[in-house]
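So the chains spell out like this:
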Amino acid sequence: QEGEAITSPMVGTFYRKPSPDSPVFVNVGDAVSEGQTICIIEAMKVMNEIKAEKSGVITAVLADDGNPVQFGDILFRIK
């Protein structure tokens, strides 16, 4: 896989968009800035915004929307 891994900081449910009717936060090929929200992980009914730790381009989306993720699971790759 190309790019650096962005991993899940917690256990919860992965969401690519803020609400069912909204567009996804990021797609493959999108440029992101450090601190930009790239997804949400819901843990115990709390929506936690996950932000990019560095600027770059998303090269892969590896988690499925609405599915559970574990601590350390790779969510995205960024280059």
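Heads up: the structure comes first, above all this text.
Reference entry: report on the structure contained in this document. (Residues numbered from 1 in each chain as written. Predicted model: local features only at pLDDT ≥ 70, side-chain atom pairs only at ≥ 80, totals over all residues. Heavy atoms only, no water.)

Quick notes on the sheet that holds strand β3 (residues 31-32)
Defined as follows: Pairing between strands is defined by DSSP: at least two bridges between them are needed. A run of DSSP states H or I qualifies as a helix once it reaches four residues; a run of E qualifies as a strand once it reaches two. Both are numbered from the N-terminal end.
Spatially, the 4 strands line up as an open sheet ordered β1-β8-β6-β3, and their pairing is antiparallel. Strands at the two margins of the open sheet, each flanked by one partner only, are β1 (4-7) and β3. The pairing of β3 with strand β6 (residues 56-61) spans 2 bridges and is antiparallel. Considered in β6, the bridge of V32 is made with G56.

Remarks on the sheet that holds strand β4 (residues 37-43)
With antiparallel pairing, 4 strands are arranged side by side in an open sheet as β5-β4-β2-β7. Both outer strands of the open sheet, β5 (46-51) and β7 (68-69), are each paired with one neighbouring strand and no more. Sheet topology places strand β2 (residues 12-15) next to β4; 3 bridges connect them, and they run antiparallel. Its bridge partner lying in β4, T13 is registered against E42.

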